[in-house]
Amino acid sequence: MNHFLTVKGVSKSFSNASVLSDCSFTAEKGELISLLGESGSGKTTLLRIIAGFENPDAGEVNMNGRLLCNANYAMMPEHRYVGLVFQDYALFPHLNVKKNIELGMKTNLKTSVFLNMVGLEGLEKRKPHELSGGQQQRVAIARSLAASPQLLLLDEPFSNIDESLKFNFRRELRELLKSQDIPSVFVTHDTKDALAIADKIIILKDGEVRQIGTPEDIYLRPADTYVAGLLGTFNIVSETADTANIIRSEHTRITAGSEYEVTSSMYQGRSYLVHLKRNDIHFNVSSDTPMNIGSHVGLHFTEDHILTVLKR
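Analysis parameters
Residues numbered from 1 in each chain as written. Predicted model: local features only at pLDDT ≥ 70, side-chain atom pairs only at ≥ 80, totals over all residues. Heavy atoms only, no water. Salt bridge = Lys/Arg side-chain N within 4 Å of Asp/Glu carboxyl O. Helix = DSSP H or I, 4+ residues; strand = E, 2+ residues; numbered from the N terminus. Buried < 20%, exposed > 50% of the residue type's maximum accessible area, 1.4 Å probe, protein only. Polar contact = N/O pair within 3.5 Å; in protein donor to acceptor, adjacent residues only side chain to side chain. Contact = heavy atoms within 4.5 Å. Pairing = 2+ DSSP bridges. Expected span 1.5 Å × (residues − 1). Axes fitted to C-alpha atoms, helices over the stretch in contact; angles between N-to-C directions. Parallel < 35°, antiparallel > 145°, perpendicular 65-115°, else oblique. Nonpolar A, V, L, I, M, F, W, Y, C, P; charged D, E, K, R; others polar. Core = buried A, V, L, I, M, F, W, Y, C linked by side-chain atoms within 4.5 Å. Bend = angle between axes of the 7 residues up to and from the residue.

Colleague: Help me understand the pattern of salt bridges, please; the structure alone is not making it clear to me.
Modeller: Opposite charge on two side chains permits them to pair, given that their charged atoms come into close proximity. Counted by the stated rule, this structure contains 15 salt bridges. In this structure, E239 engages K311 in a salt bridge whose closest nitrogen and oxygen atoms are separated by 3.0 Å. Of this pair, E239 sits in strand β11 (residues 234–239) while K311 is found in the segment after β17 (307–310), placing the two residues 72 residues apart along the sequence. For E239, a relative accessible area of 46% corresponds to the partly exposed category. The network of salt bridges with common partners includes R174, K178 and D199.

Colleague: For this particular structure, what's the right way to read the side chain of Q136?
Modeller: Residue placement: Q136 occurs in helix α4 (residues 133–146). The exposure class of Q136 is buried, given its relative accessible area of 19%. A polar atom in the side chain of Q136 sits 3.3 Å from the backbone oxygen of P128. Setting aside its immediate chain neighbours within four residues, Q136 contacts Y89, L91, P128 and L131.

Colleague: What am I meant to see in the pairing of strand β1 (residues 5–14) here?
Modeller: Two faces, one strand: in a regular strand the side chains alternate between the faces of the sheet. The pairing of β1 with strand β4 (residues 58–63) spans 5 bridges and is classified as antiparallel. Counterpart to S11 in the pairing with β4 is A58. Connecting the antiparallel pair β1 and strand β2 (residues 17–27) is a turn made up of 2 residues, with S15 showing a positive phi of about 55°.

Colleague: Looking at this structure, how should I read unusual backbone geometry?
Modeller: A negative phi holds for most residues other than glycine; trans holds for most peptide bonds. You will see that A90, though not glycine, has its phi angle at about 55°, which is positive. On the basis of relative accessibility, which here comes to 32%, the residue A90 falls in the partly exposed class. Despite not being glycine, D206 shows a phi value in the positive range, around 50°. Of note, D206 is situated in the loop between β9 (200–205) and β10 (208–213).

Colleague: Honestly, α4 in this entry has me stumped. Any pointers?
Modeller: For an α-helix the count is 3.6 residues per turn, leaving residues at separations of three or four pointing the same way. Between its terminal C-alpha atoms α4 stretches 20 Å, which fits the 20 Å expected from 14 residues at 1.5 Å a residue. In terms of burial, α4 is a largely internal element, 11 of the 14 residues being buried. Among all positions in α4, only G134, Q136, Q137, V139, A140, I141, A142, R143, S144, L145 and A146 are buried.

Colleague: For this particular structure, what's the right way to read the packing of α4 against helix α5 (residues 163–180)?
Modeller: For any two helices packed against each other, the geometry is given by the interaxial angle and the distance between the axes. Between α4 and α5, whose axes approach to 13 Å, the crossing angle comes to 10°. Viewed along their axes, α4 and α5 adopt a mutual orientation that is roughly parallel. Residues G134, Q137, R138, I141 and L145 of α4 form the contact with α5, whose own contacting residues are F169, E172, L173, L176 and Q180. Partitioning the contact of α4 with α5 into residue classes produces 5 nonpolar, 3 polar and 2 charged.

Colleague: Help me understand the nonpolar core, please; the structure alone is not making it clear to me.
Modeller: One recurring pattern in soluble globular proteins: nonpolar side chains tend to sit buried together. Counting 40 residues, the largest nonpolar core has I101, I141, L154 and I203 as its most contacted members. Here this core gets 6 residues from one element, more than from any other, and that element is α4. The contacts of I101, once residues within four sequence positions are left out, are T111, F114, L115, V139, A142, R143 and A146. Ranked by size, the runner-up nonpolar core spans 29 residues in total, among them V10, A27, M75 and V185.

Colleague: Looking at this model, I keep getting lost on the sheet that holds β11. Mind explaining?
Modeller: What holds strands together in a sheet is hydrogen bonding between their backbones, with the strands either parallel or antiparallel. Sheet architecture is open: 3 strands sit in the order β11-β12-β17, paired in antiparallel fashion. Of all the strands in the sheet, just β11 and β17 have a single pairing partner and so form its edges. Direction aside, the axes of adjacent strands within the sheet are offset by 40° on average. Bridge analysis of β11 against strand β12 (residues 243–248) gives 5 bridges, and the strand direction is antiparallel. Looking across to β12, one finds that I236 is bridged to I246.

Colleague: Looking at this structure, how should I read α5?
Modeller: The first and last C-alpha atoms of α5 sit 26 Å apart over 18 residues, in line with the 26 Å expected at 1.5 Å per residue. At F169, α5 shows its largest bend, some 30°. Here α5 has its buried residues at K166, F169, R170, L173, L176 and L177. On its buried face, α5 is in contact with β3 (32–36), α3 (111–117), α4, β7 (151–155), β8 (184–188) and α6 (191–197). Backbone geometry just after α5 places D181 at a positive phi near 55°.

Colleague: Please explain the environment of N245 as it appears in this structure.
Modeller: Within the fold, N245 resides in strand β12. Since its relative accessible area comes to 22%, N245 is described here as partly exposed. Considered as a pair, N245 and N235 are 10 residues apart in the sequence and their alpha carbons are 8.5 Å apart. In contact with N245, other than residues within four places in its own chain, are N235, I236, V237, S238, I306, L307 and T308. In terms of polar contacts, N245 uses its side chain to reach the side chain of T308, at 2.7 Å.

The structure is reproduced here in structure tokens:
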């Protein structure tokens, strides 16, 4: 099967320190891919290799039937038809919105089309410093789309957006990218971003791909304890030397009983996060009401919700 984008066995080191090791994934036309991982996981380096700002030491990247790079060849970034939205937006401060969008424009469409596309009608004469973080991000996206890219790359697209605005902006960005049918790869360390927007998530840890799957697959069927913890809290029910049987906190319910002692109860807005212990066993459970420290309760969960994952 020919995929629109293929990253195959990509490795990269800086000063003999491995940053990426044998990374592989594919993307189809119109698919939204998230590279999700903590700082230092290699996700931005992988994005830069696809864009053409770094070259792999091993492996290759192909897009739409063309070789973009391997260890011995690198197509110039300007010839790749790849749009890149930087984390800091990289807007020209002395140019207004309209002029920023028109930089590198490779289409006969009017600038107003892209202004409407990203919801910036009437703001074309404003300078970047007169815009909010979210509006600057929209300008950067519009500028990339105006260059008619075959692939769009976004580096931490929500890092400068106020938390209160992220919910709607995630929805709007997904709808925009889907409407353009342009495959997109975006880097994020925020699991909420990845779960809300991506069709497929690639989990990176220390330069290695830990798991690839839909948001539902990654959350409900994590490959190991690292992936499980990255996407939410879980409790270990039992374990062996190599595996752990875990259950998500939302699948665990406090009941009447005396087996577990309440050691903390923290308010989180919609509910309380309650920490319980019994000998060496610890559980984090959601509760609609606060619990008294030192009180004793029981726990209930079903076998159907217990997952077996690798310990790593």
